[in-house]
Amino acid sequence: MSWVVEVEGLVKRYGRKTAVDGVSFRIAPGEVFGLLGPNGAGKTTIVQILAGLRQRGSGQVSVLGRDPAKPRRAWRDRIGVVPQSTNDHADWRVGELVGLFGRFFADPLPVSEALAQVGLADEHDQLVRKLSGGQRRRLDVAIGVVGRPELLFLDEPTTGFDPEARREFWRFVRELSGRGTAILLTTHYLDEAEQLADRVCVLDRGVIRQLATPAELGAHRDDAVVSWTGPAGPEQVRTDDVNAVLRGLVDRFGWQVQDLQVRRLSLEERYLDLIGRSS
Ligand SMILES: Nc1ncnc2c1ncn2[C@@H]1O[C@H](COP(=O)(O)OP(=O)(O)OP(=O)(O)O)[C@@H](O)[C@H]1O
């Protein structure tokens, strides 16, 4: 297997702050790889290093078979980057702008096709400043895919989207990966990673807490939450021994335990555990 991305022992420091602390992972062709983590986890730093936009401190990195620290024109043609925030280009028309970026690539998509892929076909002649927030973000993505990248970096692509726009965008990402594009997606949203990613890398404070498929991430939820209403009001405990908790409750209240509920730990709670922010 030839990996699209190979990262081994990546470290990046900004002054005395260690932003990325010994991270290793690989991305396969056509894979959607989710980098999930809270603010400051190191996601953008990793994307920038892999996209050749920032120098690493130490470690080995190979992207499409090359070291991104020494980017070449032909290599850049094979990747697409949708950064977290982009310049505005407010007075450009949508189609002109995508066409301009397309000219940087050897074999760009026709503008109409790039716009159609992100659902902006009808906005070809629209001024960028007249687009909604969600439409602008889709324009960023059209610019990211116009060069037919083999690997696309999407840095928090759906921040500010309404639920419908997010679902549409998710459909687009699935189509793109279905056509063979590998995608590195950074996100704060657990549901987005769960929906889109073949594998999810949970990152916190520069360290990988877990690297697993979404199903595996959920499968580790051994703990349960038992809740009831006692004399002082609602109470709950987390436990890996539900029977012991239930026996304790019966000892206290007899068989009249009010509002008794037992549920599995949610994926969200599991994620918060992983990043050390227990609910
Ligand atoms: N240019 C910089 N100079 C100094 N520190 C930086 C710089 N860029 C990032 N950092 C710090 O490095 C850490 C990781 O930042 P990074 O932007 O990579 O995280 P992130 O996971 O992308 O966060 P967010 O979700 O908020 O975008 C943070 O503590 C941040 O403050």
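These numbers come from a predicted model, not from an experiment. Every chain is numbered on its own, with residues counted from 1 as its sequence reads. Whole-chain, interface and lining totals are the exception, using all residues; otherwise, since this is a predicted model, local features are given only for residues with pLDDT of at least 70 and side-chain atom pairs are given and counted only at 80 or more.

**Student:** Help me understand the overall build of the protein, please; the structure alone is not making it clear to me.
**Tutor:** In this description a helix means any DSSP run of H or I spanning at least four residues, a strand means any run of E spanning at least two, and both kinds are numbered starting from the N terminus. Assigned secondary structure in the protein consists of ten helices and twelve strands. In terms of its C-alpha atoms, the protein occupies a principal-axis envelope of roughly 75 × 45 × 35 Å. Each of the 279 residues in the protein was classed as buried or not, and the buried ones make up 32%. This entry defines residue contacts through backbone-placed C-beta atoms, with two residues in contact when those atoms are within 7 Å. Intrachain contacts of the protein at a sequence separation of at least 6 include 65% that bridge at least 24 residues. Buried residues are those with 20 or more other C-beta atoms within 10 Å of their own C-beta, exposed residues have 12 or fewer, and partly exposed residues lie in between; C-beta atoms are placed from the backbone.

**Student:** How should the pairing of strand 7 (residues 182-187) be read in this particular structure?
**Tutor:** Two faces, one strand: in a regular strand the side chains alternate between the faces of the sheet. The buried count for strand 7 comes to six of six residues, which makes it a mostly enclosed element. The two faces of strand 7 match: A182, L184 and T186 on one face and I183, L185 and T187 on the other face are all buried. In terms of strand pairing, strand 3 (residues 32-36) meets strand 7 through five bridges, oriented parallel. What sits directly across from L36, in strand 7, is T187. Pairs of strands are assigned from DSSP output, requiring at least two bridges between the strands. Here strand 6 (residues 151-155) runs beside strand 7; their pairing, made up of five bridges, is parallel. Bridge pairing in strand 7 links L152 to I183. Of the crossover connections in this fold, the one passing from strand 6 over helix 6 (residues 163-178) to the parallel strand 7 is right-handed. By convention a crossover is right-handed if, when the strands point away from the viewer, the path from the first strand over the helix to the second runs clockwise.

**Student:** Explanation requested: the site of the ligand in the structure shown.
**Tutor:** Close contacts around the ligand come from Y14, K17, A19, G37, N39, G40, A41, G42, K43, T44 and T45, and that covers them all. Only strand 2 (17-27) and helix 1 (43-50) provide two or more residues apiece to the shell around the ligand. Split by residue class, the shell around the ligand holds three nonpolar, six polar and two charged. The criterion for a residue being near a molecule or strand is simple: its C-beta atom, placed using the backbone, must lie within 6 Å of it. All residues other than Ala, Val, Leu, Ile, Met, Phe, Trp, Tyr, Cys, Pro, Asp, Glu, Lys and Arg, Gly among them, are scored as polar; the first ten of these are nonpolar and the last four charged.

**Student:** Looking at this structure, I do not really get the nonpolar core. What am I missing?
**Tutor:** The nonpolar side chains of a soluble globular protein tend to be buried, and buried together. Each nonpolar core reported here comprises buried Ala, Val, Leu, Ile, Met, Phe, Trp, Tyr and Cys residues connected via C-beta atoms within 7 Å. Counting residues in hydrophobic clusters, the biggest one holds 58 residues, and the most contacted among them are L50, A142, F153, I183 and L184. Not counting residues up to four positions away in its chain, the partners in contact with L50 are V5, V61, V63, P68, F153 and L184.

**Student:** Teacher, can you tell me more about the domain arrangement of the protein here?
**Tutor:** Frequently, the measure chosen for interface size is the accessible area removed from exposure when the parts meet. Looking at the assigned domains, one finds that the protein contains domain 1 (5-218) and domain 2 (221-274). Marked domain ranges trace back to an automatic or database domain assignment. When each unit is reduced to the centre of its C-alpha atoms, the spacing between domain 1 and domain 2 is 41 Å. Facing the seven residues of domain 1 at the interface are six residues of domain 2. Contributing elements (two or more residues each) for the side of domain 1 that touches domain 2: helix 7 (190-196), strand 9 (207-212) and helix 8 (214-219). Of the residues that constitute the side of domain 1 that touches domain 2, the class distribution is three nonpolar, two polar and two charged.

**Student:** What should I look at first to understand the sheet that holds strand 4 (residues 58-63) in this one?
**Tutor:** For sheets, the rule is that strands pair by backbone hydrogen bonds, running either parallel or antiparallel. The antiparallel open sheet is built from three strands, whose spatial order is 2-1-4. Looking along the sheet, the strands with just one partner apiece sit at the ends: strand 2 and strand 4. With direction set aside, neighbouring strand axes in the sheet form an average angle of 25°. Orientation is described by axes fitted as lines to C-alpha atoms, over the contacting stretch for helices, and by angles from 0 to 180 degrees between their N-to-C directions.

**Student:** Looking at this model, I keep getting lost on unusual backbone geometry. Mind explaining?
**Tutor:** Excluding glycine, residues mostly have negative phi values, and the peptide bonds linking residues are mostly trans. Although it is not a glycine, L64 sits at a positive phi angle of roughly 50°. Mapping L64 onto the fold places it in the loop between strand 4 and helix 2 (73-76). Assessed through the 19 C-beta atoms surrounding it within 10 Å, L64 is described here as partly exposed. A positive phi angle is found at E156, which is not glycine, with a value near 45°. Mapped onto the elements of the fold, E156 is located in the loop between strand 6 and helix 6.

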